[in-house]
Every structure is written in C-alpha cells, then in structure tokens.
Amino acid sequence: MKKRSALISIVTILIMSLVFTACGNPSGSKTETQQLGANAGENATELSFWTFADLHGKHLDKMLGLWNQQNPDKQIKLNVTVMPYDDMHNKLLLAVTSGKGAPDIADIELGQFPKFLEGDNVPLESLNDVFAPYKDVVVPSRVEIYSKADQVYGFDYHVGATLAFYNTEILEQAGVDYKTIKTWEDYKQAGIKVYEKTGKYLGTADTSASWQASLLLAQQNADFTDENGTPKVNSPEMIKAYEMLVDLQKNNVIHTIPGGQPDTEEAKGEYNKGNYASALMPEWYMSRFVNEMKDLKGKYAIAPLPVFEEGNPRSVGLGGTGTVVTKNGKDVLLAKEFVAFAKLSKEATTEIWNTLGFDPINMEVWKDDAVTKNPENEYVQYFKTNAFDTLNEIKDEIRAIKSVKASPTIGNIFNTVTLNAIFEDGQDVKEALDEAQAAIEQELK
C-alpha cells in the first residue's frame, strides 16, 4: 500500500490544483502580500485576508473601495496575502486550530472545507447573522455546502451550475437541433446522428475528473456518500450512471479525450479542432471558451443538461471556494459584515459576473437584464444564447454534492483507477465500482 499511497498523495495535489483553478488564477510557487484600501482614512481598521488565487484578492480590492465609500465610519484596510494552494490551507488549518497567527478573513477551497468543520468546536465564525438579509435571494445549495448544524461558515464566489454547451455548427451539419435534447436518450440519438454525419463525438467519456458522476448522481438525488459521510460509490444510482455512459461510448456518442476531461489544455485543443460537439460543465467553463477557445466564438449555445427522465433536477453546483471569518480576529463583526458585502451584495455579485464571468450566488443579479444581457460583456458576445436564460430556467433545480472528509480519497481512486478501468479497459461497471468501494474503504482505515 505504500507505493499506492504515495501515488495518491501526488495525484491529490494535481486534482486539487485542477479544482481550485475553476475559481481563479493560482498564486504560483511564492507568497505575495500587499495592503489594499488606499482610500481608507487614518482611523481605518486593518484586517488580514489569506487566499490562494490572485483574482480573489483583486475582487476584494474592488469591493473594499466600494465599502469604504459607503461606510465612512467603518473603513477598512486589507492586508492580502496570496499563497500557494497547499501552503495556504496547511498554514490556515494550523493557525485556526492553535488559535495563533490566523488571518481575520480567508478563502477555503470546497475540497478542503471539511477539515475545518471537524469536531464540536469549529474554529470559524458563524455567518448566520450577516447572511440573514440575503437568505431569500441566494442559491440555497451554495450555502449548505459550507454549513454545519444549521450554521453557515462560508460564502462562495459562484454557483458553478452545470450547463450543456453545444457546438451548433456541428449539430446543424448532422441535422440536430440542440433544443430538442431533453433526456439522455435524446442525447444518445443526437450523438449517433452527429457521429454518422460528421465523424465527430457529441461528448466526452471523462477519465480524470468526476464531473459526470456528480451531475448524474444529483439527477437521481443521490451522492458519493450517505448521510453520515460514508462512501457508497457502488450504489445502484452510480451503477446506473456509468452503465448509461458506457452505452453512450459504445454507440460513439461520447469518447475519451486527451487530458481526461474538458478542463485540460489538451482537451481544449480538441474542442478548438471541432472534434467534440458538447461540453457538460459548470458555468465557470464559459471563461475557458472566452479565454482559451477564441476560434469557437459564435458557435456555442447554452442549454439545460439532459436528464434520465423529464422532471429530474437539471443541474448541480460544482467547484467552489468559501470565504470565512476566523474566531480570533481583531474585529470579528466588522470582518463578517465586509465578507457578506463583498460576496453577497448586489454590487459584489454584479462585479463577480462582469469581471470573472461566474454565475453569482445572489440571484437578484440573474434577473437584471442590464447586467446579464449587457451587449458590451465579452461572455454575452461570445455565445449564441445567454447563460442567464438557462440559469433562470433551472434556478430551482440546482442540487449539491457534499464535500466530506472522504471526498479527496473518493476522487483519487475514481480519477486514477476506476474511470480508466471503465472507459479505457472496458471493465464491467459494477465490478469496477465494487473494487473502487473496497479501495476507498481500505484507504480510509
């Protein structure tokens, strides 16, 4: 087991790197600190903020300017430290559990969050009081994933609602209208036509990420773990999900892709070449199209995911980073008020869409056409349809997959062994999932 454990440790770093880049640019290999709030008065309160993504610091900088304008009696200077992903999370966990050296405010990536909620004494401040004014306008599932025992501990930058991105140029060549794809059977029949007419694949069979498993479990109101956080990856729902995907693969509807899944450099090259006609990915994948697949501008439409049966939930929120307030800060209430303003307010979530291209968790923005349909917005310009038309259609159907202590181990086994066994080696689905369950249980002993 030693060799396998070493491999899994290495892959953990790679997988976590993949996950957190969904929310912004990593800081690289060095730590950088700067003070923000040049417009603050000399009596401003200094607060500290730790993050692993440059863009997160830049967002808080913009929000700090607005906060100080609107709150002359509660001005803030913010000392922002950007660290490498693992370094930051390790230092933060040590600081909050020891009660020494913790920042006032910090980002914690979703996969790391369970570590900070262990035990009876959570070292983070409850945000329930500052969340209350926004409770009715925020996507509930994006708060639940950072909660424990009815206490909210983190606010996300985005929903990460999974959507279907369709290359209409390829589909039209095959005589397929993406708007008719409602179920997985519809997707299958469309994919058969696409392959027969164009030689292209409609979608991907992912071997290095579990996005597909997450969305297919969510559609069945299931999860990777039970209500106690115990892994159950060989469940009937998981077997149904992967048997359906294998059927799609056998019919040339989906195919493995270089890099293992759509959010890799190699895979984006395949999309640029027009070899795949759809990506079923979180909303933040829009930024990948805009920034890394510029030649596809004007070709892609956005729609709800296909489902097993009409009436199933058509989306799941994936990826994420929760901003938290630690218990030993200088001015905990001020820090909480600022975090709520910077992450949940209409001003904040408008900025998150305009500059980051993320689907903000405050749904008030979703209904503001002046923001979501601004013709000057690069995301609006790129796609044939508007993302928020689809988001508003599915807003009550966005489910969540729990992030628990066992989640990294589950991801490691799936993304290094199980998915390759199923899609590359042709192993029987139930057999592969039974082996995954046994391997996960062994790793967690």
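Right, let's walk through the structure included here. What you are looking at is a predicted structure, and each value in this text was computed from that prediction instead of being measured. (Residues numbered from 1 in each chain as written. Predicted model: local features only at pLDDT ≥ 70, side-chain atom pairs only at ≥ 80, totals over all residues. Heavy atoms only, no water.)

Our focus in this paragraph is empty space enclosed by the protein. The final tally for this structure, using the stated rule, is 3 cavities of 30 Å³ or more. Estimates place the volume of the second largest cavity at around 110 Å³. Residue lining of the second largest cavity: 16 residues in total, with Tyr187, Gly203, Thr204, Gln212 and Leu280 positioned closest to the centre. Secondary-structure elements contributing two or more residues to the lining of the second largest cavity are helix H8 (184-198), strand S9 (203-204), helix H9 (211-219), helix H10 (236-250) and strand S11 (278-282). (1 Å grid on protein atoms, 1.4 Å probe; cavity = no way out; pocket = protein on both sides within 12 Å on 5 of 7 lines; lining within 4 Å. Points joined across faces, edges and corners; volume = space filled by probe spheres on them. Helix = DSSP H or I, 4+ residues; strand = E, 2+ residues; numbered from the N terminus.)

We now examine the sheet that holds strand S3 (residues 76-82). With mixed pairing, the 6 strands of this open sheet are ordered in space as S1-S3-S2-S4-S14-S7. The strands lining the two open edges of the sheet, one partner per strand, are strand S1 (32-36) and strand S7 (155-156). Packed onto the sheet, helix H2 (residues 54-70) meets S1, strand S2 (45-51), S3, strand S4 (105-109) and strand S14 (321-325) and runs at close to 180 degrees relative to S3. Contacting S2, S3, S4, S7 and S14, helix H13 (residues 332-344) runs over the sheet at an angle of about 155 degrees to S14. (Pairing = 2+ DSSP bridges. Contact = heavy atoms within 4.5 Å. Axes fitted to C-alpha atoms, helices over the stretch in contact; angles between N-to-C directions.)

Across the 5 residues that make up S4, a large majority, 5, are buried. Note that S2 and S4 share 2 bridges and pair parallel. From the neighbouring strand, tryptophan 50 faces S4, where its bridge partner is alanine 106. Sheet analysis places S4 next to S14, joined by 5 bridges and oriented antiparallel. Within the sheet, the bridge partner assigned to aspartate 107 lies in S14 and is threonine 323. (Buried < 20%, exposed > 50% of the residue type's maximum accessible area, 1.4 Å probe, protein only.)

It is worth spelling out the nonpolar core at this point. Of all hydrophobic cores here, the largest spans 128 residues; its most connected members are Leu78, Phe165, Tyr187 and Tyr242. Those residues in contact with tyrosine 187 that lie beyond four places of it in its chain are Tyr166, Ile181, Leu202, Gly203, Leu248, Val253, Ile254, Ser278, Leu280 and Pro306. (Core = buried A, V, L, I, M, F, W, Y, C linked by side-chain atoms within 4.5 Å.)

With that out of the way, let us pick up the environment of glutamine 442. Locating glutamine 442 in the fold gives a position in helix H19 (residues 429-443). Remark: the alpha-carbon pair of glutamine 442 and leucine 356, spanning 86 residues in sequence, is separated by 40 Å.

Taken together, the 3 strands give an open sheet; going across it, the order is S11-S8-S12, and neighbouring strands pair in antiparallel fashion. Taken across any chain shown, the strands that pair with only one partner, and hence form the sheet edges, are S11 and strand S12 (300-303). Along the sheet, successive strands turn relative to each other by an average axial angle of 25 degrees, direction set aside. Relative to S12, strand S8 (residues 162-167) is paired through 4 bridges, and the arrangement is antiparallel. What sits directly across from tyrosine 166, in S12, is alanine 301.

A cluster of acidic side chains, namely Glu243, Asp428, Glu431 and Glu435, defines a negative patch on the protein surface. Within the fold, glutamate 431 resides in helix H19. When its relative accessible area of 42% is taken as the criterion, glutamate 431 is described as partly exposed. (Patch = residues over 30% accessible without salt bridge, like charges linked within 9 Å, V, L, I, M, F, W, Y side chains within 5 Å. Areas by Shrake-Rupley, 256 points an atom, 1.4 Å probe, with all protein chains shown as cover. Salt bridge = Lys/Arg side-chain N within 4 Å of Asp/Glu carboxyl O. Lys, Arg positive; Asp, Glu negative; His and termini not counted. Charge placed at Lys NZ, Arg CZ, Asp CG, Glu CD.)

Let us look at the side chain of threonine 264. Relative to the elements of secondary structure, threonine 264 occurs in the loop between strand S10 (254-255) and helix H11 (265-272). On the accessibility criterion, threonine 264 (14% relative accessible area) is buried. Side-chain polar atoms of threonine 264 contact the backbone nitrogen of alanine 267, separated by 3.1 Å. If we skip the residues at most four places from it in the chain, threonine 264 touches Pro258 and Gly259. (Polar contact = N/O pair within 3.5 Å; in protein donor to acceptor, adjacent residues only side chain to side chain.)

This part covers the packing of H10 against helix H18 (residues 407-423). Contact geometry of H10 with H18 gives a least axis separation of 10 Å together with a crossing angle of 50 degrees. One way to sum up the angle between H10 and H18 is to call them oblique. The segment H10 lies against H18, with Met238, Tyr242, Leu245, Val246 and Gln249 engaging Phe414, Leu419, Ile422 and Phe423. (Parallel < 35°, antiparallel > 145°, perpendicular 65-115°, else oblique.)

Glancing now at the environment of glutamate 125. Mapped onto the elements of the fold, glutamate 125 is located in the loop between helix H4 (113-116) and helix H5 (128-131). By relative accessible area, glutamate 125 is classed as buried at 19%. In the structure, glutamate 125 is positioned 210 residues away from alanine 335 in sequence and 10.0 Å away in space, judged by C-alpha atoms. The residues touching glutamate 125, leaving out its near neighbours within four places in the chain, are Val152, Tyr153, Val325, Thr326, Lys327, Val332 and Lys336.

Our next topic: the pattern of salt bridges. The tally for this structure, following the rule as stated, stands at 22 salt bridges. Linking lysine 62 and glutamate 351 is a salt bridge whose minimum nitrogen-to-oxygen distance equals 3.1 Å. A residue pair is termed long-range when its members are at least 10 positions apart, and lysine 62 in helix H2 and glutamate 351 in helix H14 (residues 346-356) qualify at 289 residues. Lysine 346 serves as the salt-bridge partner of aspartate 368, at 3.1 Å between the closest nitrogen and oxygen. Placement of aspartate 368 in the loop between H14 and helix H15 (369-372) and of lysine 346 in helix H14 is noted, with a sequence separation of 22 residues between them.

Let us look at the packing of aromatic side chains. In this structure the tally under the stated criterion is 25 aromatic pairs. With 5.4 Å between their ring centres and 45 degrees between their planes, phenylalanine 165 and phenylalanine 289 make a pair best called tilted. In this pair, phenylalanine 165 is assigned in strand S8 and phenylalanine 289 in helix H12 (residues 286-292), connecting sequence segments 124 residues apart. Look at phenylalanine 289 and you get buried, because its relative accessible area is 0%. An aromatic cluster is present here, built from Phe165, Tyr285, Phe289, Tyr300, Tyr382 and Phe383 joined pairwise through their rings. Stacked on the ring of phenylalanine 308, the Lys or Arg lysine 240 has its end atom at 4.6 Å from the ring centre. A cation over an aromatic ring shows up here: lysine 343 above the ring of tyrosine 157, its NZ or CZ 3.5 Å from the ring centre. (Phe/Tyr/Trp six-rings, centres within 6.5 Å; stacked < 30°, edge-to-face > 60°. Lys NZ or Arg CZ within 6 Å of the ring centre and 35° of its normal.)

Phi at alanine 149 is positive, roughly 50 degrees, even though this residue is not glycine. Along the chain, alanine 149 falls in the loop between strand S5 (147-148) and strand S6 (151-152). Accessibility expressed as a relative area gives 66% for alanine 149, which makes it exposed. A positive phi is found at asparagine 221, a non-glycine position, where the angle reads about 55 degrees.

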